Amino acid sequence: MSSPYLHINGIRKTFGDVVATDHVELEIAEGEFMTFLGPSGSGKSTTLYILAGFQDPTAGDIKLRGKSILQTPSHKRQIGMVFQRYTLFPHLSVGENVAFPLRVRRAPQAEIAAKVKRALSLVRLDGFEDRMPAKMSGGQQQRVALARALVYDPPVLLMDEPLSALDKKLREEIQHEIRRIHQETGVTILYVTHDQEEALRLSDRIAVFNKGKIEQVGTGPQLYASPATHFVADFIGDSAFLGGELAAVASGRASLRFADGTVLADVPMHGTGSAGGKASLMLRPERIELAAGPGAAGASLPVTIEDVTFLGNNSTVSARTGWGDVLSVRLNFGHPMMGQVQRGDALHVRWQPQDAHVFART
Amino acid sequence: MLSFLSQGRRGSGWGMALPALLLLLAFFVIPVAGLLSRSVTEPQPGLQNYETLLGSFTYIRIFLNTFLVSGVVTLITALIAFPVAWALAIMSPRIASVLFAVILLSMWTNLLARTYAWMVLLQQTGLVNKLLMGLGLTSQPLQLTNNLIGVTIGMVYIMLPFMILPLYGVIRKIDPAILQAAALCGATKGQALRRVLLPLAAPGIASGALMVFVMSLGYFVTPSLLGGTSNMMVAELIVQQVQSLVNWGMGGAAAFILLVVTLALYALQLRLFDAEAR
Amino acid sequence: MLLDFDKLGLWKWILSAICALMALFLLLPILFIVALSFGNSRWLIFPPPGWTLKWYHDLFADPRWLSAAFTSAKIALVVMVLSVALGLLASLALTRGTFRGRAVLRAFFLTPMVLPVVIIAVALYAAFLRLGLNGTFVGFVIAHLIVALPFSVITISGALETFDPSIEDAAILCGASPWEARFRVTLPAISHGLFSAAIFSFLISWDEVVLAIFMASPTLQTLPVKVWTTLRQDLTPVIAAASTLLVGLTAILMIVAALIRKGKSR
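Residues numbered from 1 in each chain as written. Chains lettered and ligands numbered in written order. Predicted model: local features only at pLDDT ≥ 70, side-chain atom pairs only at ≥ 80, totals over all residues. Heavy atoms only, no water.

Turning next to the overall build of chain B. Helix and strand content of chain B: 12 helices and zero strands. When its helices and strands are written in sequence order, chain B yields α-α-α-α-α-α-α-α-α-α-α-α. Relative to a compact globule of 278 residues, whose C-alpha radius of gyration would be 19 Å, chain B shows 23 Å and is clearly more extended. In terms of its C-alpha atoms, chain B occupies a principal-axis envelope of roughly 75 × 70 × 35 Å. A buried classification covers 53% of the 278 residues belonging to chain B. Counting contacts in chain B only where the partners sit at least 6 residues apart, residues at least 24 apart contribute 72% of the total. Per element, the accessible surface of chain B, about 12300 Å² overall, is 69% carbon and sulfur. Once the 14 positive and 6 negative side-chain charges of chain B are each reduced to a mean point, those two points are 14 Å apart. (Helix = DSSP H or I, 4+ residues; strand = E, 2+ residues; numbered from the N terminus. Rg over C-alpha atoms; globule rule 2.2 N^0.38 Å. Buried < 20%, exposed > 50% of the residue type's maximum accessible area, 1.4 Å probe, protein only. Contact = heavy atoms within 4.5 Å. Areas by Shrake-Rupley, 256 points an atom, 1.4 Å probe, with all protein chains shown as cover. Lys, Arg positive; Asp, Glu negative; His and termini not counted. Charge placed at Lys NZ, Arg CZ, Asp CG, Glu CD.)

Right, let's talk about the side chain of C:Ser166 for a bit. Tracing the chain through its elements places C:Ser166 in helix H7 (residues 165-173). A polar contact is formed between the side chain of C:Ser166 and the side chain of C:Asp164, at a distance of 2.7 Å. (Polar contact = N/O pair within 3.5 Å; in protein donor to acceptor, adjacent residues only side chain to side chain.)

Opposite the 22 residues of chain A that make contact, chain C presents 19 residues. Of the roughly 1800 Å² buried between chain A and chain C on both sides combined, carbon and sulfur atoms contribute 69%. If you sort the residues of chain A by the area they bury against chain C, A:His75, A:His91 and A:Phe100 come out on top, with a joint share of 31%. Taken together, the connections running from chain A to chain C amount to one salt bridge. (Buried area = accessible area lost by both parts, 1.4 Å probe. Salt bridge = Lys/Arg side-chain N within 4 Å of Asp/Glu carboxyl O.)

Moving on, we get to the sheet that holds strand E18 (residues 326-332) of chain A. All names here are of chain A. In space, the five strands of this open sheet follow the order E15-E19-E16-E17-E18, with antiparallel pairing throughout. Bordering the open sheet on either side are strand E15 (289-291) and E18, each of which pairs with just one other strand. Averaged over all pairs of adjacent strands, the angle between strand axes in this sheet comes to 45°, irrespective of strand direction. Both strand E17 (residues 314-321) and E18 contribute to a ladder of seven bridges, which runs antiparallel. Within the sheet, the bridge partner assigned to Ala319 lies in E18 and is Leu327. (Pairing = 2+ DSSP bridges. Axes fitted to C-alpha atoms, helices over the stretch in contact; angles between N-to-C directions.)

All names here are of chain A. Spatial strand order, E2-E1-E4-E5: four strands in an open sheet with antiparallel pairing. Looking along the sheet, the strands with just one partner apiece sit at the ends: strand E2 (18-28) and strand E5 (67-68). As paired strands, strand E1 (residues 6-15) and E2 are joined by seven bridges and run antiparallel to one another. The partner of Leu6 across the bridge, within E2, is Ile28.

Residue and element names in this part refer to chain B. Where helix H7 (residues 148-172) contacts helix H9 (residues 189-217), the two axes come as close as 9 Å, and the packing angle between them is 155°. Put simply, H7 runs roughly antiparallel to H9. The two elements H7 and H9 cross, and the hand of that crossing is right-handed. Residues Met155, Met159, Phe162, Met163, Pro166, Leu167, Val170 and Ile171 of H7 form the contact with H9, whose participating residues are Leu200, Ala201, Gly204, Ile205, Gly208, Ala209, Met211, Val212, Met215 and Ser216. Residues belonging to the contact of H7 with H9 are distributed by class as follows: 15 nonpolar, three polar and no charged. (Parallel < 35°, antiparallel > 145°, perpendicular 65-115°, else oblique. Left-handed = near helix turned anticlockwise from the far one by under 90°. Nonpolar A, V, L, I, M, F, W, Y, C, P; charged D, E, K, R; others polar.)

For the rest of this paragraph, the subject is the domain arrangement of chain C. Residue and element names in this part refer to chain C. By domain assignment, chain C separates into domain 1 (5-55) and domain 2 (61-265). One C-alpha centre belongs to domain 1, the other to domain 2; they are set 31 Å apart. Counting residues at the interface gives nine residues for domain 1 and 10 residues for domain 2. Summed over both sides, the interface of domain 1 with domain 2 buries roughly 810 Å², with 77% coming from carbon and sulfur. (Domains from an automatic or database assignment.)

This paragraph deals with the nonpolar core. Judged by nonpolar contacts, the single largest core of 198 residues is most densely connected at B:Trp86 and B:Leu88. Not counting residues within four places of it along the chain, the set of residues in contact with B:Leu88 comprises B:Ala96, B:Leu99, B:Phe100, B:Ile103, B:Ile164 and B:Tyr168. Counting 36 residues, the second largest nonpolar core, distinct from the first, contains A:Val94, A:Ala119, A:Phe128 and A:Ile189. (Core = buried A, V, L, I, M, F, W, Y, C linked by side-chain atoms within 4.5 Å.)

This part covers the interface of chain B and chain C. Taken together, the contact between chain B and chain C spans 87 residues of the former and 89 residues of the latter. Its largest share of buried area at the contact with chain C, chain B owes to B:Met16, B:Trp108 and B:Tyr116, together 11% of the area lost on that side. Here chain B and chain C share zero salt bridges between them. Summed over the shared surface of chain B and chain C, the result is five residue pairs in polar contact (both at pLDDT 80 or more). Ranked by residues supplied to the side of chain B that touches chain C, first place goes to helix H1 (residues 18-41) of chain B with 12 residues. Along the lines of polarity and charge, the residues of the side of chain B that touches chain C split into 67 nonpolar, 15 polar and five charged.

Here we take up the pairing of strand E20 (residues 357-360) of chain A. Residues and elements named next belong to chain A. The alternating pattern of E20 places His357 and Phe359 on one face and Val358 and Ala360 on the opposite face, and all of these are buried. Note: strand E13 (residues 263-270) against E20, two bridges, orientation parallel. Paired with His270 across the two strands is Phe359, which belongs to E20. In this structure, strand E14 (residues 278-283) lies alongside E20, joined through four bridges in antiparallel fashion. Along E20, the bridge assignment pairs Ser280 with Phe359.

What follows concerns the UniProt feature "transmembrane region" (unreviewed entry) in chain B. UniProt records the feature "transmembrane region" (unreviewed entry) at residues 62-88, 95-113, 148-171, 196-221 and 248-268 of chain B, using the numbering of this structure. Secondary structure within residues 248-268 of chain B divides into 100% helix and 0% strand; the distance between the first and last C-alpha atoms comes to 30 Å. (UniProt positions renumbered as here; feature names shortened; annotations may be inferred.)

Within helix H2 (residues 94-104) of chain A, nine of the 11 residues are buried, leaving the element largely enclosed by the surrounding structure. Taken together, the buried positions of H2(A) are A:Val94, A:Gly95, A:Asn97, A:Val98, A:Ala99, A:Phe100, A:Pro101, A:Leu102 and A:Val104. Those residues of H2(A) that are buried lie in contact with helix H3 (109-122) and helix H4 (138-150) of chain A together with H7 and helix H8 (178-189) of chain C. A:Arg106 occupies a position one or two residues after H2(A) and carries a positive phi of about 55°.

A word on the pattern of salt bridges. For the coordinates displayed, the defined rule picks out 29 salt bridges over all chains. Between A:Glu111 and A:Lys115 there is a salt bridge, and its shortest N-O distance comes to 3.2 Å. Within this pair, A:Glu111 and its partner A:Lys115 are both found in helix H3, separated by four residues, close to a single helical turn. Accessibility expressed as a relative area gives 32% for A:Glu111, which makes it partly exposed. Between C:Glu168 and C:Arg182 there is a salt bridge; the shortest N-O distance is 3.5 Å.

Residues and elements named next belong to chain C. The UniProt entry lists residues 12-38, 75-95, 107-131, 137-160, 194-215 and 235-260 under the feature "transmembrane region" (unreviewed entry), expressed in the numbering used here. Within residues 12-38, the helical portion is 100% and the strand portion 0%, while the C-alpha atoms at the span's ends are 38 Å from each other. Structurally, residues 75-95 comprises 100% helix and 0% strand, and the distance from its first C-alpha atom to its last is 29 Å.

This is how it looks when you write it as structure tokens:
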């Protein structure tokens, strides 16, 4: 098998006693859009800084096209990067900012002019060469930063929460631009964010970071439909968790017993656990429905309605289980039960057997 | 998050402070330490220099003069600086910028030139005496130089900017809505000033006052030109001991006392400033 | 209310009057010496009976004034260069360094500003007596550098603090070596701070009196020392002429500094 384009091989980084990343292992294909998703302090940024060369890993290696780049200093790695904050050079015009990487490489004047023009055109800032950064909006500044990072055709483009300083509307607009630029240039992008929506919108694949480790790598739909861990299930999409105890475990399926003795049998199980251990049942709110009677075995629970909130195109129903946990159920506008359900009703929540997941809790 | 970017590869960076550090060690710390050590070694080891300084009324009076002048200068500058800083903070920016230019020009004009002006203005036949006599406030010229009155006027002139500028910064940061709230609560202007504006500006006043007081304590040029030899201040005493009397022990002892008072007040100011920042 | 100038009522006029008096108090002595320097009264009578350029003639005819001014300028220029260079290095260490005790080091760099100059002057005088540096050019430069450096450190580290270090990181990723990034990006970006530090340092050295009195020798003295020794003899209008030139220089440097600040905000 040929070696991967970019190989993050068992990276570990410690600051004193604090472990920032622990054996991060990831292979990225050429032209792929890979997002590191996770809460702050999960090690995603540290991994990016190690790629950029701002920090040296305690252990592990990073290989680009089969060759280690760890011994190459930052300025010779040829890597492009867009930062969280606006990092345009304040004393240089937009054109000179974009030309900077070419000037330090002593490129000929004609080539610089042509490449700057092309890069600015790529980010749709044609004709902005003479503008000073201070006179531009945050969104425009980040586009210039993007042009500056792409002007020397880097093998990898790193983006460290580049949109976090922008407001929501502008953020969506530039996300769109980033997708287009990725498709047009085919550059390999490593993108760091803590925003799951942004990750889902932009990425080919997502690596979910938690506590310095990668919990799961996969496409957005894969992560959503079959999360490997409790953390991934919780971090991506809305989900409801019902806590209970494992009654029996066999070949990837489990029986779960709740506090009032209710048992759900034969649910897909993730992670390792044995009978008697604690576990939770995860359900996506849009995959649950309300019904008068029970459904298939192991795929329904009796509930009492606590509250109904009308939200326009849907209503959110709070349903209390027999042992006191509360589940949210969404009723879309026009659903036959909308307007019928009332506080105090005794009903059932039901779901398709493959939509429930059990995660062992450690 | 990005703050630890510069860690790792680039080393700790203290080497860049080395040239300045060595310069200050060789030509500031060691000389000052040397001077202070002479206060307990010359003419012979012991505390006799301090006993002389603190035991004789001649020297005690010099210290009292210094504290008196510094205190009065601080008080007068504070009384002038508060309304000026207040007005500067709220008046139209154009007029304020003119006033700032005046303040900065006087602050950066050569110290000797300014002191010279006051020597001429305050002399017996000077403009100030002429004005006072012309207005009928006095029948004969007043003695305004070679005494502490002259020193005080000259020092107020020099210290005023150092009080106005920090006070301006503090008042500038007060939210006008707080005073509108005070008015809505029924406070008259006088009450709002006394109970709201002044307490809010107090950290700035305290910080500016400490700075002016500390600077005044060690001032040399103005006291020696506008004051007389009979009304010495500490800085003049140190110079006189070292230059005219070549008594390094006494000079060092007086310098040590001045240094301790200065650093103690500086520490106090840092404290106040920190408390304000928090 | 109290912070709305137009709603102050009577107080507005009181405050305005105090401001006007303060401005007169600060400005009049300066204007007064300028007027005196052109007045023909040897005894500084004001208003002068007539006008003359005699005092400027006397000033420029006296080689001691000229050589003192020349010495001052030379010392101030050397102090300016060294103060900015050392101040820049020290500020980089203070703002970018990761070593422990940076806060202590910063406070230490500022102490020469806090201590009474007279103590530094006497202490350096004693040390220079041993080293044979009294009355030398080097001695002057060292003495003035000690008091100019804190201002340089404050100004430059202030400029560095407002400059985001990740901009320097961006330059490095763009392919610039760490030192190239500093020279091509960081230094130009904080140039206003460097200019201010240069002007401060120059003016501090140029105007400094107390240290200079101790460092001076009969053959080597700065302009303030010359003014000082003349002042102690009599209040000749020649000093008014010299002072007027000094005021003019200050005003020019202030305008330059203001223009730099304006250029920065543009």
